[in-house]
Amino acid sequence: MLVLKFGGTSVGSPEAISKIIGILSDTGHAGKVPAVVVSAFSGVTDSLIDISRRAAGGDKTFAVMAEVLKNRHIETMHAFLKGEARKQAAADFNNTFAELNRILDGIAILGELSARTLDLVMSFGERFSAALLARIFAASGIGASYLDARPLVKTDDAFGGARFLPKETFANIRAFFRPQGKLPLQVVTGFIGSTAEGHTATLGRGGSDLSAAIFAAALGAKELEIWTDVDGILTADPRLVKNAFRIDEISYTEAMEISHFGAKVLFPPTIKPALEQGVPIRIRNTFRPEGGGTRIRENAVPGSYPIRGVSSINHVALIRFQGSGMVGVAGFSSRLFGALARRGISIILITQSSSEYSICFAVLPGDARSAEAAVRDEFDREIRSGTIDAPVTEKDLSIIAVVGSNMKSTSGISGKVFHALGRNGINVVAIAQGSSELNISAVIPRQDEAKALNAVHEAFFLSGVRSVNLFLLGAGLIGGTLLDQIASHRETLVEKHQICINLVGAANSRNMSFRREGLDPKKVKALLKNGAPRESGKAAEPSSLKTEAFSLPLFIERMKAFNLPNMVFCDCTPSGEVSESYGGILQSAIAIVTPNKRANAGSLDYYRELTGYSRDRGIPYLYETTVCAGLPVISTLRDLSLSGDRVRRIEAVLSGTLSFIFNNYDGSKPFSALVREARAKGYTEPDPRDDLNAMDAARKALILARECGMALEFSQVAIEPILPPSCFKARDVDAFFAELEKSDGAFEKRRAAAAAEGKVLRYVAVVEEGSAKISLRAEAAGSPFRSLTDSDNIVVITTDRYSALPMVIKGPGAGAQVTAGGIFADIVRLAKTLV
């Protein structure tokens, strides 16, 4: 025997009602269901409340609104019933609607609306729905009749949220269903009952579910099926967590916990009658009846995850107070709870320090002012004497709750929860855990609710898959190559390494685009270059193709507003303006990956601010590619330091341009000709002076010095100029080359002098003893700098351990592929650190 309940969305349209007819007629239900409990059509209860209040307030539009409600039911009637069946249904409906109109007219005349009268008005939603559905089922070949639950379900007189009386109610239901002969299917009004005096009363929030549980418990049903518009109880709210999935089975206590903290499928009191009578509950989807739903029962099968789900309450207020007058005082909590109870305030969460010095509790925002006043009144003497501080209310908060019976036997759950929150910069305001170890709750800022749910959900349910939400600034040579690499490799990352890179935002110097579900890295370069494609006279579709004019402040604002877990900002520009924004980005708990040298080669204070904040707060700031592109130079220096080694000296060729020029400067060509060749091959900027001024190499040398702990400013890097001053004064590139040609003789004289000693010229940076310099040196045979080819970089590191034979790191130090590959590696490295 099964008892079924269909909610408002399940009965809210002809299409939905057709689904119900199919469910009742299938082999799993036909002949097995004595009672179906139904809600009012979706939205009808709210409409009835609004209509009542308008009537009481003298707003004459209540009558028009009532007619709209009437027509909705008549339209449904006409969709299913014809001939005599329609006439009879219309007559019954019109009689009931006339009763509603008389009550509304009375409210309008009196100009007042009592709780008892409002309950009576609200009852019409279920009465209309159940009576009409009974006739529709009968016309569809399902033997059914209408059952008004009010004579059976007896309640107290707490109108608006009446409590049912189990003894009387169960007796009435059992007596009704035990006559001689089999009763047809009873279509029962949910949500309503009546007092001992016969006054209509509603059962409050979740009342229709409670009605169904009452009938299932009274009849000893094998199972109660609650049909709604979701597939069951999910691991999280799918509107906030897109990866949420259905829980196959859950215990009563777990369901109570997860429902208390915001899961909309059930309201906790609903479960109680079924719990007490041992009736399993199954949550199923009316619109996907083939799904198995979620089964709630006493001894649920343990799940394969350490928790069942993550839930939340979107908006709460936290009231806290403290003082020495609380310590060791018996009855303090009793006074607090009594004061709140007298004002009818329900406490959602409470926590007290073990020192008994402070206590805080969460309430609904609408109760915050009254709760604070209750505390002030109850403890007025202690507050005035200073032994207890006045209560303080914090608003705009949410509660997230991690629920599951497996938490009892699994260590590290709380650590995993708080690591996921802390890693994403989510501040925990208060914490509570019950002694049953079924629930860990945390109060957090309201704006972080979705971010927190996603972070914790991913930590427990997608621990094998680590996701990064990427925002890319710069889609030129380096950024564009990075996009190509992500596009070609991201499926492999998911399949073999369980790493998912979701490109949420991207921008170039002209356009920017965002999409929470992810932009296609294959199409982003064209999208940013050309803007969103449009058909003539039509707006761009889909939304994923939307672009807008680039603005750095707006890009950063939009990125922060997404407030997603595991966010990464990747700066592939050389912009100083962008690097100046790094501090604010890190403070928003957004990791940074960048090849941009400007921040780390800027002021020492800013370098220390960024690296210190990253270290102290655990927000990654990765910049391996700021020196030697994809070569592992910075990470090697860090590993040496972490392992206790000390760097004594670094010698390096850090400019690919200068490396190419001097590697090939053998006297066969003038120096100026080699510079022209380097420019033609793309090794220099359009104006070669931007490379030959050695500023880029000096910045890299400064970064290496700072990574070794040296407190240097850029002005303290000694730079030996390569070019004479006249070259830098030249008005344009042609004039520059004319001046450079005049210096070919001086360069050749220096080269020849070195060659006479068996040496070659190299432009080398040296970092040691708290200093950094770059100069043109003559290198003898056996020097590692003579092994360079083309535009290679080389870094020679001498340490306490690598003293006799220094460590050498050599390879391409420039180029789009290796630089983008280094950036990509930093992003993947960051993803691998996620829990």
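Preceding this section is the structure that the text describes.
Residues numbered from 1 in each chain as written. Predicted model: local features only at pLDDT ≥ 70, side-chain atom pairs only at ≥ 80, totals over all residues. Heavy atoms only, no water.

Undergrad: Please provide a residue-by-residue account of the overall build of the chain, values included.
TA: A count of helical and extended segments in the chain gives 29 helices and 29 strands. For the chain, the C-alpha radius of gyration of 37 Å lies well beyond 28 Å, the compact-globule estimate for 835 residues. Taken along its principal axes, the extent of the C-alpha atoms in the chain is 120 × 75 × 55 Å. Within the chain, the fraction of its 835 residues that count as buried is 51%. In the chain, once contacts between residues fewer than 6 apart in sequence are set aside, the share between residues at least 24 apart is 71%. Counting only carbon and sulfur atoms, one obtains 50% of the accessible surface of the chain, whose full area is about 36300 Å². Across the chain, 96 positive and 89 negative side-chain charges occur, with their mean positions spaced 2 Å apart. (Helix = DSSP H or I, 4+ residues; strand = E, 2+ residues; numbered from the N terminus. Rg over C-alpha atoms; globule rule 2.2 N^0.38 Å. Buried < 20%, exposed > 50% of the residue type's maximum accessible area, 1.4 Å probe, protein only. Contact = heavy atoms within 4.5 Å. Areas by Shrake-Rupley, 256 points an atom, 1.4 Å probe, with all protein chains shown as cover. Lys, Arg positive; Asp, Glu negative; His and termini not counted. Charge placed at Lys NZ, Arg CZ, Asp CG, Glu CD.)

Undergrad: Describe the sheet that holds strand 8 (residues 249–251), and please don't skip the residues or the numbers.
TA: Taken in spatial order, the eight strands line up as 3-4-2-1-7-9-10-8 in an open sheet, and their pairing is mixed. Both edges of this open sheet fall to strand 3 (144–147) and strand 8, since each of them pairs with a single strand only. Averaged over all neighbouring strand pairs, the angle between strand axes comes to 20°, with direction disregarded. Across five bridges, strand 1 (residues 2–6) lies against strand 7 (residues 223–228) in parallel orientation. Counted as the bridge partner of Leu 2 is Glu 223 from strand 7. Contacts between helix 8 (residues 252–260) and the sheet are confined to strand 8 and strand 10 (294–297), with strand 8 contributing the most and set at about 90° to the helix. (Pairing = 2+ DSSP bridges. Axes fitted to C-alpha atoms, helices over the stretch in contact; angles between N-to-C directions.)

Undergrad: Mind laying out the sheet that holds strand 19 (residues 511–514), listing which residues take part and the relevant values?
TA: Ordered in space as 20-19-18-17-21-22-23, the seven strands form an open sheet in which the pairing is mixed. One side of each edge strand has no neighbouring strand; the edge strands of this open sheet are strand 20 (548–549) and strand 23 (621–622). When strand 22 (residues 591–593) meets strand 23, the two strands line up parallel, connected through two bridges. When the sheet's bridge partners are listed, Ile 592 is paired in strand 23 with Tyr 621. Contacts between helix 15 (residues 477–497) and the sheet are confined to strand 17 (466–473), strand 18 (499–507) and strand 21 (567–571), with strand 18 contributing the most and set at about 155° to the helix.

Undergrad: For the pairing of strand 13 (residues 358–363), give the residues involved together with the corresponding values.
TA: For strand 13, a buried count of five out of six residues is recorded, marking the element as mostly surrounded by other parts of the structure. Two strands pair when backbone bridges link them, and strand 11 (residues 309–322) and strand 13 are joined in this way by six bridges, in the antiparallel orientation. In the sheet register, Arg 320 faces strand 13, and the bridge partner there is Cys 360. Pairing geometry for strand 12 (residues 349–352) and strand 13, over four bridges, is antiparallel. Within strand 13, the residue paired with Ile 350 across the bridge is Phe 361.

Undergrad: Give a description of the packing of helix 15 against helix 29 (residues 816–832) that names residues and reports values.
TA: Running from N to C, helix 15 and helix 29 cross one another at 50°; their axes reach a closest spacing of 9 Å. Accordingly, the angle class assigned to the pair helix 15 and helix 29 is oblique. Relative to helix 29, the crossing made by helix 15 is right-handed. Counting all contacts with helix 15, which are made through Leu 477, Ile 478, Thr 481, Leu 482, Gln 485, Ile 486, His 489 and Leu 493, the residues of helix 29 involved are Ala 816, Gln 817, Thr 819, Ala 820, Gly 821, Ile 823, Phe 824, Ile 827 and Val 828. (Parallel < 35°, antiparallel > 145°, perpendicular 65-115°, else oblique. Left-handed = near helix turned anticlockwise from the far one by under 90°.)

Undergrad: Before we move on, could you go through unusual backbone geometry and cite the residues and values that matter?
TA: It is generally the case that most residues other than glycine have a negative phi and that most peptide bonds are trans. A positive phi angle, close to 55°, is found at Asn 566, a residue other than glycine. Mapped onto the fold, Asn 566 is located in the loop between helix 17 (552–562) and strand 21. Positive phi, close to 50°, is recorded for Asp 790, a residue that is not glycine. Mapped onto the secondary structure, Asp 790 falls in the loop between strand 27 (771–779) and strand 28 (792–799). Judged by relative accessible area, which is 36%, Asp 790 ranks as partly exposed.

Undergrad: So, the side chain of Arg 762: which residues are in play, and what are the values?
TA: For Arg 762, the position within the fold is in strand 26 (residues 760–768). As a buried residue without a salt bridge, Arg 762 has its nearest oppositely charged side chain in Glu 779, at a separation of 7.6 Å. At 3.3 Å, the side chain of Arg 762 forms a polar contact with the side chain of Asn 663. For Arg 762, the contacting residues outside a window of four places in its chain are Phe 662, Asn 663, Ser 775, Leu 776, Arg 777, Glu 779, Phe 785 and Arg 786. (Salt bridge = Lys/Arg side-chain N within 4 Å of Asp/Glu carboxyl O. Polar contact = N/O pair within 3.5 Å; in protein donor to acceptor, adjacent residues only side chain to side chain.)

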